[in-house]
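Residue strings, one per chain:
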Amino acid sequence: MSAPVTGCRLAELTDLTPLSATTTCPDPAGAYARLRETWGQVAPIELVPGVPAWLVIGYREIRAVVRDELRFSRNSGLWSPLRDGRVGPDSGLLPIMAPRENAYFSDGAKHRRLRAPLYDGLAGLSEQRTARLIRATCDRLIDRLPVEGPIDLVASYAAQVPMLTVAGLFGIAPDLGERLQACVIALFGSGDDAQALFGEMQTILTGIISAHRAAPAADLTTAFLDHPNHHNDAEVLASMLLTLGAGWETTQVWIAQTLRIMLTDSRFDAQVRGGHLGIDDALDHVLWTDPPMANQPTRWATSDTVLASQHIARGDALILGLAAANTDPWAGAQDRIDTGNRAHLAFGIGLHACPAQRVSRLIARTAVETVLHRLPDARLAVPAAEVPLHPSPWTRGPAHLPVTATRTRS
Ligand code: HEM
């Protein structure tokens, strides 16, 4: 079937589907299919009222976008709504879309220079030491759960594990890791205190950098400081902020979605507990059906261009519909448990693909295993249909997972 041709420009379109409708509805695959039917592989959507963007929902089209940084840049300074004031300084879109001096918002040689320390630092982590740190963090969080009454496995566990472990990889003590966690939650909440808390995060990390300059350690902070591609401490700080920010929500949603499926789908749960579905395969199933970054921001068009019959104007934003691409009929829709297949787009693809795939898998696997081991009789405390979804337009996952469970010793 050939894609419908609209020939419309983004600025001319009204009554668009809000992006969050794809992450907060019960049937995201159906929502993406309807967009595909109406618009083809590149659909106009609304990020927030009055701010439209393109959602790239075709597997082939996403590949084309990420491989062509001359046409589709990471430079958010190009973004028309930011330039003409439709996105103001208080916009909740800014924490995730405002330009920053780091690898994520760079193209070309600058991106390659700033990405290398992230990649090399993460690749150089000792698997054994990292596994020990993650296990200790998970156990500490389980030990702190109330012995009686319902537990929210998102707030008390899934949301805590990634930040505390990634902070630990930087050699940041648990109490400061918890403070960073509070700052990041407030930052993404875009509340009045967001600026002050961002300042506090920078102060904490600057202190960690100074301490590591004085006493180097076998951790990510020292790896970042020693990397020849970082030209000064400001770049090290930017890389630390990027790593902590990029790893937090994605990994928490991955853990929470996997636990949600186990708690709500008895067949899936039995297969995991009975050893017929390994934890890694269960995690991959989630990356196919409910990838944490359902809609990945952002590329900006550097010139007027055409993509899948849509007229993209210079300065338009393009969001990568990673969840949609996983169910793209062109790529062969996946509606079964497909063990061993990691060709999903959950970690992105191309030049900016996630550099933390190994470590985030270790975190997610350990977090899920620890729940199986330490909370063996965990049961949902509410009907499955009442598990609320996070209201984010980017990630799709449970906002809360209330369970009852007996805690066992580690
Ligand atoms: C410890 C956890 C993690 C860390 C430290 C981390 C770090 C990063 C960083 C630094 C980038 C930017 C790379 C660049 O621009 O060159 C990135 C990109 C990305 N990460 Fe991760 N990440 C983590 C976990 C995850 C997880 C669990 C997922 C989803 C399964 C994920 C999905 C992505 C995606 C989709 C991109 C962007 C791809 C693109 O825009 O082309 N990440 N990550």
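Notes on the structure follow. Quick caveat, the model's predicted, so the values are computed rather than measured.

**Notes on unusual backbone geometry**
Alright, step 1. For the bond from P297 to T298, the omega torsion is -20°, close enough to zero to count as cis.
Alright, step 2. Topologically, T298 is positioned in strand β5 (residues 295-301).
Alright, step 3. Its identity as a non-glycine residue notwithstanding, S309 has a phi of 70°, on the positive side.
Alright, step 4. Classification of S309 by relative accessible area gives partly exposed; the value is 27%.

**Considerations on the sheet that holds strand β10 (residues 402-404)**
Alright, step 1. Here three strands make up an open sheet; going across it, the order is β4-β10-β9 and the pairing antiparallel. Sheet topology places β4 (151-152) and β9 (379-380) at the edges, where each strand pairs with a single neighbour.
Alright, step 2. Taken together, the two bridges between β9 and β10 define a ladder with antiparallel strand orientation. Paired with R379 across the bridge in β10 is T404.

**Quick notes on the pairing of strand β2 (residues 51-56)**
Alright, step 1. Along β2, six of the six residues are buried, which leaves the element largely enclosed by surrounding structure.
Alright, step 2. Neither face of β2 is open: one carries V51, A53 and L55, the other P52, W54 and V56, and all of them are buried.
Alright, step 3. Relative to β2, strand β1 (residues 42-48) runs antiparallel, the two being bridged by six bridges. Bridge pairing in β2 places V42 opposite V56.
Alright, step 4. The hairpin formed by β1 and β2 contains two residues between the paired strands, and G50 there has a positive phi angle of roughly 85°.
Alright, step 5. Note: β2 against strand β8 (residues 317-321), three bridges, orientation parallel. Residue pairing across strands places W54 opposite L318, the latter belonging to β8.

Reading the values: the criteria
- Residues numbered from 1 in each chain as written.
- Predicted model: local features only at pLDDT ≥ 70, side-chain atom pairs only at ≥ 80, totals over all residues.
- Heavy atoms only, no water.
- Helix = DSSP H or I, 4+ residues; strand = E, 2+ residues; numbered from the N terminus.
- Buried < 20%, exposed > 50% of the residue type's maximum accessible area, 1.4 Å probe, protein only.
- Pairing = 2+ DSSP bridges.

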